[in-house]
Structure formats: C-alpha cells, structure tokens
Amino acid sequence: MTERARDMTSSTVKIAFDQRIIMLALDAILPLKQVSQAIKKGVKYRRIAKSIADIGIIEPLVVAPHPEERNKYLLLDGHMRREALVDQGERSARCLVSHDDEAFTFNKRVNRLATVQEHFMIVRALERGVSEEKLASALDVNLKVIKRRKTMLDGICSEVVEMLKDKSVNPTTFDVLRKMKPMRQIETAELMATVANFSSSYAKALLAATRQTDLVKPDKPKQIGGMTPEQMARMEREMETLQRDFKAVESSYGDDVLNLVIASGYLSKIIGNRRIEKYLGQHHPEILEEFKSIISAASLDQSTHTTH
C-alpha cells in the first residue's frame, strides 16, 4: 500500500450532516433569501403550502449554525417550506443540521425528483391506501393529473424506463413514445439522451421521422400538428440516413479517440523539447500551431469524458 493510500484509509471521513433531525423554532432560522409575493402566487408555492396543510412537512429544512449568533441558524434549503409554515401559524419545524454553511455546496448534493421517480412515488402512495383525491389535494394538482401520472409508463418498455429513470422528462413525451414499438422506443430514448433533450416537441419530431412499420398501429396514419404527410415522409428518409451515419461514427469513435490520444502524447513530447519548439517556431510556425491545436483538442476530449 502506498503512503498516499495509507493516508486516505487512515484519515477520518467527515460527516456533512448531523445524524438526527431536530425541532427548531422558526424564529431562530434565518433565511438567506426572501420569498416574494410573486413567488407565493406561483403554482410551486401553492403546491408546497397545500401539501404541508394536508399531510404536514415531509422533507425537513436544512440549516447550518450561525457563525456569529448563538442559537441561530442559517437556512440552506427549504425557503418556501419555511414561509408556508410561517403563513400557516406554525412555530417550529423539523430540521437537518449541516456542518457546511454554503447553500451552493449543499444544493449541488441535492437530486431533484425525476419524472419516472415521481410516477413510482404516486403508485406506491396509491398502493398504500392513499386516495387519488388526497394525493391531488396534497400536490395541489387536478385529479386528472394524478390519474394520468399513475398510468404514465403503461406501454413503455422496461429498457426505456431504465434509461429515463433519473432524467427530467416532459410527461407528454411518454405519450409520444407509447405510439412506437419497443425497439423504436429504445432508439428514440437513446437519441434523446445523446442530445440531452427530453421535451415532447423533440419526441414528436422523432415520431414524425418514424416509419409506419415501427408504430404500434402501423395501419393508422401519423398525425403531427403542422406537418404534412410529404414532410413526414421526407423526415423518415433523413432520419434513416442520420441513424446510419451515427452508427458508423459510433463504431469508429473509440479507435479514433485512441489514435488521437497517442498522437497527442507523441506531439506533446516533441514540443516539450525546447530546442525543437524553438526551431519550429522560427522556421515552421504554422506546423507548430497545428501541433498545439491537436494537443488541445485531445486534452479537451479527455476532460469531457472525465466529467461525464
């Protein structure tokens, strides 16, 4: 074991939060931003307030001890929840105490509820006996929304559900996918993931470019608002060409990147020699610039893969 590894294993990992939830007076929690009247008139605030009124607060407020004032706390997450509690006359709230007073740092750790996860949450609540009416009231949405979310994944193949489980997808997108056969659903989900676009308008464009034989009802003509049958037929041909090109690029991409990295490493060593760099700079500056561009492109590609 290396010395660095020993240091890593012997060092203590600092816990970011207290392991218990405590009750704190709302007056002792100082918000870092104000909830304006305009925000209070919005759908999100009304939904939070309605949920708290019906079933209480589920997600605790996240606070950090005030660095200067004793028995005071800074509110890191939950400003609308705190405001809703105050408006409803509550005096205290369940809180999770963080050891880091950076709201930005905390929010980086938060994973917001994805569309598929929300579906499973609603289904589990219904299975446990919560009525559709109470769920609609708690979430401050129309009863039709609950009914629609309950059946949102009907007709969607399991592979697509797995691919989109942690993505923020427009619910209408699943209505579009449902019109396609499983293999086409997977292809469409892969295309959406590639460009990170899960909107219903993009899904409808992909539906327009889908062959009739790949639809659940191949005998029923596609109807896309604002598009003629001729335009959809042209999109089908263009999509087939695009997918062939994409597959060709995908198959050779790994080898191309490997060759680029090897070439970049070789060129880096050449330019790393000051005498060679000086010579190229004096006699062949255009070649030196090209070498640097190749090295820069390879470095950018590697950093992008590391990030993802």
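Residues numbered from 1 in each chain as written. Predicted model: local features only at pLDDT ≥ 70, side-chain atom pairs only at ≥ 80, totals over all residues. Heavy atoms only, no water.

## Things to note about the environment of Leu85
For the record, the criterion: Put simply, DSSP marks the helices as runs of H or I at least four residues long and the strands as runs of E at least two long, and each gets a number from the N terminus on. Throughout, exposure labels follow a simple rule: accessible area from a 1.4 Å probe, protein chains only, divided by the maximum for the residue type, with under 20% read as buried, over 50% as exposed, and the rest as partly exposed.
Structurally, Leu85 can be placed in helix H4 (residues 79-87). Of the residues examined, Leu85 reaches a relative accessible area of 5% and is grouped as buried. Separated by 33 residues in the primary sequence, Leu85 and Ile52 place their C-alpha atoms 7.6 Å from one another.

## Observations concerning helix H6 (residues 115-127)
Basically, it comes down to this: Given the number of residues in a helix, its expected span is that number minus one, multiplied by 1.5 Å. We call two residues in contact whenever any of their non-hydrogen atoms come within 4.5 Å of each other.
Helix length check: H6 (13 residues) gives 19 Å between terminal C-alpha atoms against 18 Å at 1.5 Å per residue, within 8%. Burial in H6 covers these residues: Thr115, Val116, His119, Ile122 and Ala125. Residues of H6 that are buried in the fold lie against helix H7 (132-139), helix H8 (143-150), helix H9 (158-164) and helix H10 (171-177). Following H6 by one or two positions, Gly129 has its phi on the positive side, about 100°.

## Points about the side chain of Arg81
You can see Arg81 is positioned in helix H4. Overall, the relative accessible area of 12% leaves Arg81 in the buried class.

## Let's talk about the pairing of strand S3 (residues 61-65)
Note the cut-off: When DSSP finds two or more bridges between a pair of strands, those strands are recorded as paired.
Most of S3 sits inside the fold, with 4 of its 5 residues counted as buried. One ladder, built from 3 bridges, connects S3 with strand S5 (residues 92-97); its direction is parallel. Bridge assignment links Val62 to a residue of S5, and that residue is Leu96. Across 4 bridges, the pairing between S3 and strand S4 (residues 73-77) is antiparallel. From the neighbouring strand, Val63 faces S4, where its bridge partner is Leu75.

## Describing the nonpolar core
For clarity, the cut-off: Remark: nonpolar core denotes a set of buried residues (Ala, Val, Leu, Ile, Met, Phe, Trp, Tyr, Cys) joined through side-chain atoms within 4.5 Å.
Counting 24 residues, the largest nonpolar core has Leu153, Ile156, Val160, Leu164, Phe174, Leu177 and Met192 as its most contacted members. Listed by contribution, the elements that provide at least two residues to this core are H9, H10, helix H11 (182-195) and helix H12 (200-208). At 4 residues, the largest contribution of residues to this core is made by H11. Apart from the residues lying within four places of it in its own chain, the contact partners of Val160 are Leu177, Gln185, Ile186 and Ala189.

## Description of empty space enclosed by the protein
Keep this limit in mind: Only protein atoms enter the 1 Å grid, on which a cavity is a set of points fitting a 1.4 Å probe that cannot get out and a pocket is an open set with protein on both sides within 12 Å along at least 5 of 7 lines, lining residues being those with an atom within 4 Å of a point. Grid points are joined across faces, edges and corners, and a volume is the space filled by probe spheres set on the points. Here the term charged refers only to Asp, Glu, Lys and Arg, the term nonpolar to Ala, Val, Leu, Ile, Met, Phe, Trp, Tyr, Cys and Pro, and the term polar to all other amino acids, Gly among them.
With the rule as written, the count across this model stands at 1 cavity of 30 Å³ or more. Taken as a whole, the largest cavity encloses approximately 30 Å³ of empty space. Together, Pro31, Lys33, Gln34, Val35, His79, Arg82 and Glu83 line the largest cavity. It is H4 that contributes the most residues to the lining of the largest cavity, 3 residues altogether. Here the residues of the lining of the largest cavity are counted per class, giving 2 nonpolar, 2 polar and 3 charged.

## Focus: the confidence of the model for the chain
What counts, and what does not: Each residue carries a pLDDT score, the predictor's own confidence in it, on a scale running from 0 to 100.
Mean pLDDT over the chain works out to 81, with 81% of the residues at or above the 70 mark. Least confident of the elements in the chain is helix H1 (residues 3-10), whose mean pLDDT is 46; most confident is H9, at 94. Counted against residues more than four places away or in other chains, residues 303-308, with its pLDDT under 50, gives 1 contact.

## As for unusual backbone geometry
Positive phi is not limited to glycine here, since Asn71 has a value of about 65°. Looking at the element boundaries, Asn71 is found in the loop between S3 and S4. The phi dihedral of Ala196 is positive, around 55°, even though this residue is not glycine. Tracing the backbone shows Ala196 in the loop between H11 and H12. On the accessibility criterion, Ala196 (60% relative accessible area) is exposed.

## Brief notes about the packing of helix H3 (residues 43-55) against H4
Filter applied, for reference: Working convention: axes come from line fits to C-alpha atoms, limited for helices to the stretch in contact. Angles between N-to-C directions cover 0 to 180 degrees. Orientation categories follow fixed angle ranges, with anything under 35 degrees roughly parallel, anything over 145 roughly antiparallel, 65 to 115 roughly perpendicular, and all other angles oblique. We call a crossing left-handed when the near helix sits turned anticlockwise from the far one by less than a right angle, and right-handed when that turn is clockwise.
Viewed as axis vectors pointing N to C, H3 and H4 meet at an angle of 55°, and their least axial separation amounts to 9 Å. It follows from the interaxial angle that H3 and H4 lie oblique. For the element pair H3 and H4, the recorded crossing hand is right-handed. Note on element contacts: H4 touches H3 through Met80, Arg81, Glu83, Ala84, Leu85 and Asp87, opposite Lys44, Tyr45, Ile48, Ala49 and Ile52. Tallied by class, the residues present in the contact of H3 with H4 amount to 7 nonpolar, no polar and 4 charged.

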